[in-house]
Amino acid sequence: MTPLLRAVLVKLFADRQLGVDESLIGFVANRIERSFAGARAVVARLDAEAMRLKRPLSRVLAADVLRADEA
């Protein structure tokens, strides 16, 4: 995973006022398409699902969302 992709993810989460820890950033960065569009899409999807389910943004939620997106 590139430091640039990690930085982009951190910024995109911060733009949505979502505090996430480094483990979530690393988990997501290792599993998404390596592009700005891919990063933007996954952050939007994770934010939407966290709000819809009224759950905090976590590695478990990210795993569920990413697994559903693969299916």
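Use the structure listed above.
Attention here is on the structure that accompanies the text. (Residues numbered from 1 in each chain as written. Predicted model: local features only at pLDDT ≥ 70, side-chain atom pairs only at ≥ 80, totals over all residues. Heavy atoms only, no water.)

1. Describing the pattern of salt bridges
Counted by the stated rule, this structure contains eight salt bridges. A salt bridge links glutamate 49 to arginine 45; the nearest nitrogen and oxygen atoms lie 3.1 Å apart. Highlighted residues: glutamate 49 and arginine 45, both in helix H3 (residues 36-53), separated by four residues, approximately one helical turn. Taking the relative accessible area as the measure of exposure, glutamate 49 reaches 13% and is therefore buried. Between glutamate 49 and arginine 52 there is a salt bridge, with the nearest N and O atoms lying 2.9 Å from each other. With glutamate 49 and arginine 52 both in helix H3 and three residues apart, the pair spans about one turn of that helix. Take arginine 52: its relative accessible area is 57%, and that puts it in the exposed class. (Salt bridge = Lys/Arg side-chain N within 4 Å of Asp/Glu carboxyl O. Helix = DSSP H or I, 4+ residues; strand = E, 2+ residues; numbered from the N terminus. Buried < 20%, exposed > 50% of the residue type's maximum accessible area, 1.4 Å probe, protein only.)

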